[in-house]
Amino acid sequence: MRKSKLLALACLIWVAMPAKADLAPTVMLHRGGEVKTYMYYQVQNAVDDAVDGDTIFLSEGTFQPFNVNKRILVRGAGLGTIVEGSCVIDISGTAKLTMPMLDALSFNGDVQVENAYEQFTLRKCSMNNLIFNVEEGKEFYDVKIDRCYIDRLNLPNDVKEFNAFNSRIQVLYPHDYKGHATFEHCNIYEICDTIQGGVFNSCAIKYCTKLKGAASKKNLIGCVLNSCVYGDISTNNCNYINCEYISTSWDTWDGDTGFNASSHKSALDGTKIGAYGGQHPYNRYPEVPGVTKHQISIDAATRTMTVTLTVDKLDK
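Residues numbered from 1 in each chain as written. Predicted model: local features only at pLDDT ≥ 70, side-chain atom pairs only at ≥ 80, totals over all residues. Heavy atoms only, no water.

Undergrad: Looking at this structure, how should I read the environment of Phe 107?
TA: The topology assignment puts Phe 107 in strand S9 (residues 106–107). A residue is classified by how much of its surface remains accessible, and Phe 107, at 3% relative accessible area, is buried. Beyond its immediate sequence surroundings of up to four residues, Phe 107 is in contact with Phe 66, Val 83, Gly 85, Cys 87, Leu 102, Ser 126, Met 127 and Asn 128. (Helix = DSSP H or I, 4+ residues; strand = E, 2+ residues; numbered from the N terminus. Buried < 20%, exposed > 50% of the residue type's maximum accessible area, 1.4 Å probe, protein only. Contact = heavy atoms within 4.5 Å.)

Undergrad: Help me understand the nonpolar core, please; the structure alone is not making it clear to me.
TA: Nonpolar side chains in soluble globular proteins tend to be buried together. Of all hydrophobic cores here, the largest spans 64 residues; its most connected members are Phe 66, Leu 102, Phe 162, Phe 183 and Phe 200. In this structure, Phe 183 is in contact with Leu 153, Leu 155, Phe 162, Ala 164, Ile 169, Leu 172, Ile 188, Ile 195, Val 199, Phe 200, Asn 201 and Cys 203, ignoring residues within four places of it in sequence. (Core = buried A, V, L, I, M, F, W, Y, C linked by side-chain atoms within 4.5 Å.)

Undergrad: I'm lost on unusual backbone geometry in this one. Help?
TA: For residues that are not glycine, phi is negative in most cases, and the peptide bond is trans in most cases. Here Asp 176, not a glycine, exhibits a phi torsion of approximately 55°, which is positive. Position of Asp 176 relative to the elements: it lies in the loop between strand S16 (168–173) and strand S17 (180–184). Taking the relative accessible area as the measure of exposure, Asp 176 reaches 24% and is therefore partly exposed. Phi angles above zero are rare outside glycine, and Asn 237 is one such case at about 55°.

Undergrad: Honestly, the sheet that holds strand S1 (residues 26–31) in this entry has me stumped. Any pointers?
TA: By definition, the strands of a sheet pair up through backbone hydrogen bonds, in either a parallel or an antiparallel sense. Here we have twelve strands laid out as an open sheet, ordered S2-S1-S3-S5-S8-S11-S13-S15-S17-S20-S23-S26, and mixed in their pairing. Unpaired on one side and paired on the other, strand S2 (34–39) and strand S26 (239–241) mark the two borders of the sheet. Here strand S11 (residues 118–123) pairs with strand S13 (residues 141–146) via five bridges, running parallel. From the neighbouring strand, Leu 122 faces S13, where its bridge partner is Ile 145. (Pairing = 2+ DSSP bridges.)

On their own, these measurements won't tell you what the molecule is for.
As structure tokens, then:
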């Protein structure tokens, strides 16, 4: 009898779950426990209505471009959330941000950051160019790029503390950078200017382009490369720790999945480096809780059922 009750319960729960319908892209503005809904072409309306601390959610679908001028989070559903254009982030009157700005969005354009902030974070986004336009006399501190896909990263000296994690960077353009920059588990296809004193941990760096008008100038100066693989790069006074130079064609290079050194007999043998190798593997989808354990109990006397679910910890 108990088994039949459980089977009937399971069937009831399955029937009660609605089938996924083809819905129009939706914009939702969350403030505390309240939600306001907008059409897909009204992202900017939602931003205009938001106040500091709000979160705007974008469903899967295609949306018009928008600009952000408040301390809010705009979060999508990953690769399926496409913004047809660029985004300008320009927040006046504040220096410190308390939450990420953009999360799980795919821009068919640029992300341009105006002014200078502390604790500026982008997560799981793709874009053509990431551009920092800093007002003279101001500086960025504690910039974090987490699991992003960037065709061209422009890194000026006004960004004093820069950290990139598990990201793919097609072109790194550091503008003779002398700040404190760390790249952790990143795929960097090309470096086309000088970076001094940078730290590269478990990265794959394919090559450096020759700098125009400076034949003897090096791309990496005084940098630390730790557990990296690299191809045709130009360095000076760099410290190599457990690294591997690959002189053959990079057939095993994949800008999306990183570089697997398992086929090379070296100190890196079997090590997975690049954007898939880190503590938080590269992906552009928001975390979804998963049930790791469940328990169902039924009290026949009171005709009640208790369901206990254990959910895995979400990575932020």
